[in-house]
Amino acid sequence: MTQPERVPSSDRPMVFRGGTVLTMDAASTVLTDADVLVVGDRIAEVGPRLQAPEGAQEIDARGGIVMPGMIDTHRHMWQTAMRGYGADWTLTQYFVWYYLEHGRKFRPEDIAAGNRLAAIESLDAGVTTTVDWSHGLSSLDHGEAAADALRSVPGRFVLAYGNIQAGPWEWTADPAIRSFLSGLKDAGDDRMGVQIAFDVTGDPAFPEKAAFEAARELGIPVTTHAGVWGATNDDGIRLMHEHGFMTPETIYVHASTLTRDSYQRIAATGGSISVATESECSAGQGHAPTEQVLQYGIPVSLSIDTSVWWSGDMFSAMRATLNADRMAQHMDAHINGDTITHLRLRAQHVVEWATRGGAHALGRDDIGALEAGKKADVVLIKNDDSPVSFPLLNPFGQVAFQAQRGDVHTVLVDGRVVKFAHKLVGTDLPAVRREVEATVEYLRSELGEDAWQHGMFPEMPAAEAEILANPYQYTDYEDESKRAGGAERVLGR
Ligand SMILES: [Zn+2]
């Protein structure tokens, strides 16, 4: 066992030595036995055996993978305070719990608690930029608490301001909220971006028009849940397009249940789709539109959606996306009696989507790749104690199917060390735990124990609980007398 290594100082240059470097440049160039030099908040150089400046600190990357920090373009971070609570939910149960029944119970400090935990969790998993799709902001106090919590964590975030408890045409008309949003934008803080987050119902009167106009006046991009089965559909896309609100910076989250016409409108106007496959697979928005983004040439990024159900790391997002696309490709062929011999979606694709795809979606050409001059958001995946760390043959396959958050050794954001030797740096996790526990305790008492338990464990559909009769099984479940006889035979009587 080697001695514990010292956390490198963020004030001096750093050089990652001898790693497999996934540059994620335009050609997705991979360098083996290569170095990445970081000076200040920037990547100074990438290549073999770099000359490091005087006083540079070396990080041993041998046996590991150096890649750009990953980018999650849609995550309801406030919901991390309820981690895992909705593991068995459908989208309907989610809507009832958050939108109709309990979402309005969250106080500003509850939003902050969830955000802080989610933000720290992102860094731990090598996700250096996260869009906080913050739709629980039922007052400006909530909005300020959300932003303050994100600012307290040394990652890169985008606050996508939203409020499901009121129409977007209402809250975007509020002068105080407008001035808060333009304040965030004008601050020019490249670790804190801003978007406006709301959905378009498809109502022919298009009440969301005023919210789009507000976004345009403020110069802030819109992110919207599109193509969500039973909630949003082609009508919303058509209304946006007819009114000129589909722009290159618009992000369409899920975009699952849409037709060719909508995908063509998205492709033609240059916006991007945020695929949240773990979510689409289990909540019911529709199938992840991976085939469509390839078919229509739509830029794509990946996202996690919410930790009230799912994991908060992009390894899971990449893996789920490959699995879902491949299942669809195989099943489509099987229906026709055919066999797929060559897969269309590769591990390299999902690593691209999780890095420079996210950067493109956010209009950031200075992140998402390891190239000289870009921001130093760097991840080292390396775990010498893990039997899964070797042999390292296919680096994209290693990232997409083999690696996990525990293998994230070092994370830099803006040249600052936020994780090193598998441990978060400068994070007071016990304090965050206390905040989250206070939120859970408060919500649990507000709901009452029955509603709390019922919310977490929804009833099983009765019809599916029955086990079908099976002619090959020794015991006949439908006949009690035979069942007793069967038991006797088994016991040899
Ligand atoms: Zn969502």
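It should be noted that the structure appears before, not after, this text.
Quick summary incoming for the structure in this document. These numbers come from a predicted model, not from an experiment.

Reading the values: the criteria
Residues numbered from 1 in each chain as written. Predicted model: local features only at pLDDT ≥ 70, side-chain atom pairs only at ≥ 80, totals over all residues. Heavy atoms only, no water. Salt bridge = Lys/Arg side-chain N within 4 Å of Asp/Glu carboxyl O. Helix = DSSP H or I, 4+ residues; strand = E, 2+ residues; numbered from the N terminus. Buried < 20%, exposed > 50% of the residue type's maximum accessible area, 1.4 Å probe, protein only. Donors = N, O, S within 2.8 Å, 3.2 Å for Na, K, Ca; no water. Tetrahedral: all angles 85-135°; square planar, octahedral: opposite > 155°, others 65-115°. Core = buried A, V, L, I, M, F, W, Y, C linked by side-chain atoms within 4.5 Å. Contact = heavy atoms within 4.5 Å. Polar contact = N/O pair within 3.5 Å; in protein donor to acceptor, adjacent residues only side chain to side chain. Pairing = 2+ DSSP bridges. Axes fitted to C-alpha atoms, helices over the stretch in contact; angles between N-to-C directions. Phe/Tyr/Trp six-rings, centres within 6.5 Å; stacked < 30°, edge-to-face > 60°. Parallel < 35°, antiparallel > 145°, perpendicular 65-115°, else oblique. Left-handed = near helix turned anticlockwise from the far one by under 90°. Nonpolar A, V, L, I, M, F, W, Y, C, P; charged D, E, K, R; others polar.

Re the pattern of salt bridges
Here is step 1 of the chain: With the rule as written, the count across this model stands at 33 salt bridges.
Here is step 2 of the chain: We note a salt bridge from Arg156 to Asp414, for which the minimum N-O separation is 2.8 Å. Of this pair, Arg156 sits in strand 8 (residues 156-161) while Asp414 sits in the loop between strand 15 (408-413) and strand 16 (416-420), placing them 258 residues apart in sequence.
Here is step 3 of the chain: On the basis of relative accessibility, which here comes to 21%, the residue Asp414 falls in the partly exposed class.
Here is step 4 of the chain: Notably, a salt bridge pairs Lys209 with Glu213, separated by 3.4 Å at the nearest N-O pair. Remark: Glu213 and Lys209 occur in helix 6 (residues 209-218); sequence separation between them is 4 residues, near one turn of the helix.

Considering the coordination of the zinc ion
Here is step 1 of the chain: On the protein side, the zinc ion has His74 (NE2), His76 (NE2), His225 (NE2) and Asp305 (OD) as donor atoms, found 2.1 to 2.5 Å from it.
Here is step 2 of the chain: Around the zinc ion, the 4 donor atoms are arranged such that angles at the metal cover 80 to 175°; this shape is classified as irregular.
Here is step 3 of the chain: Motif for the zinc ion, donor spacing along one chain: H-x1-H-x148-H-x79-D. Here His225, found in strand 10 (residues 222-226), pairs with Asp305, found in the loop between strand 13 (300-302) and helix 11 (314-335); they are 80 residues apart in sequence, far enough to count as distant. Residues His225 and Asp305 agree in their burial class; the two are buried.

What to know about the nonpolar core
Here is step 1 of the chain: By size, the foremost hydrophobic cluster in this structure holds 103 residues, and its most contacted members are Tyr98 and Met318.
Here is step 2 of the chain: The element that contributes the greatest number of residues to this core is helix 2 (residues 108-124), accounting for 7 residues.
Here is step 3 of the chain: The residues contacting Met318, other than those within four sequence positions of it, are Met70, Leu302, Val350, Val351, Ala354, Val399 and Ala400.
Here is step 4 of the chain: Formed by 17 residues, the second largest nonpolar core is a distinct cluster that contains Val21, Val36, Ile43 and Ala61.

A word on the side chain of Ser122
Here is step 1 of the chain: Topologically, Ser122 is positioned in helix 2.
Here is step 2 of the chain: Residue classification places Ser122 among the buried positions, given a relative accessible area of 1%.
Here is step 3 of the chain: For Ser122, the side chain forms a polar contact with the side chain of Arg75, separated by 3.3 Å.
Here is step 4 of the chain: Beyond its immediate sequence surroundings of up to four residues, Ser122 is in contact with Arg75, Val127 and Thr130.

Digging into the sheet that holds strand 8
Here is step 1 of the chain: Taken in spatial order, the 8 strands make up an open sheet running 6-7-8-9-10-11-12-13, and their pairing is parallel. Whereas interior strands pair on both sides, the edge strands pair on one side only; in this sheet they are strand 6 (70-75) and strand 13. Going from strand to strand, the sheet's axes swing by 25° on average, the running direction of each strand aside.
Here is step 2 of the chain: Relative to strand 12 (residues 272-275), strand 11 (residues 251-254) runs parallel, the two sharing 3 bridges. Among the inter-strand pairings, Ile251 is bridged to a residue of strand 12, identified as Ser272.
Here is step 3 of the chain: The strands touched by helix 11 within the sheet are strand 6, strand 7 (127-134), strand 12 and strand 13, with strand 6 carrying the most contacts at an inclination of about 80°.

Quick word on the packing of aromatic side chains
Aromatic ring pairs are defined here through the distance separating the ring centres and the angle between the ring planes.
Here is step 1 of the chain: On inspection of all chains with the given rule, the structure shows 25 aromatic pairs.
Here is step 2 of the chain: Pairing Phe198 with Phe212 gives two aromatic rings, centres 4.9 Å apart and planes at 70°, and the pair type is edge-to-face. One end of the pair, Phe198, is in the loop between strand 9 (192-197) and helix 6; the other, Phe212, is in helix 6, and 14 residues separate them in sequence. The residues Phe198 and Phe212 share a single accessibility class, namely buried.
Here is step 3 of the chain: Ring-pair connections join several aromatic residues into one group, and the members of that group are Trp78, Tyr85, Trp89, Tyr94, Phe95, Trp97, Tyr98, Tyr99, Phe106, Trp309, Trp310 and Trp452.

Some thoughts on the pairing of strand 6
Here is step 1 of the chain: Counting buried residues in strand 6 gives 6 out of 6 residues, a clear majority hidden from the surface.
Here is step 2 of the chain: Bridging between strand 6 and strand 7 involves 4 bridges; their strand directions are parallel. Pairing of Met70 across the sheet is with Val127, part of strand 7.

Quick word on the packing of helix 11 against helix 12 (residues 347-361)
Here is step 1 of the chain: Packing of helix 11 against helix 12 leaves a shortest axis separation of 10 Å and a crossing angle of 135°. With respect to each other, helix 11 and helix 12 are oriented oblique. Two packed elements cross with a definite hand, and for helix 11 against helix 12 that hand is right-handed. Across the interface between the two elements, Met314, Met318, Thr321, Leu322 and Arg326 from helix 11 touch Ala347, Val350, Val351, Trp353 and Ala354 from helix 12.
Here is step 2 of the chain: Considered class by class, the residues forming the contact of helix 11 with helix 12 number 8 nonpolar, 1 polar and 1 charged.

Notes on the side chain of Gln285
Here is step 1 of the chain: Examined against the element boundaries, Gln285 turns out to sit in the loop between helix 9 (277-283) and helix 10 (290-296).
Here is step 2 of the chain: When its relative accessible area of 2% is taken as the criterion, Gln285 is described as buried.
Here is step 3 of the chain: Engagement of the side chain of Gln285 in a polar contact is seen with the side chain of His254, the distance being 3.4 Å.
Here is step 4 of the chain: Setting aside its immediate chain neighbours within four residues, Gln285 contacts Leu91, Gly227, Val228, Trp229, His254, Ser256, Thr257, Ser279, Glu280 and Asp305.

Just geometry here; none of it tells us what the structure is for.
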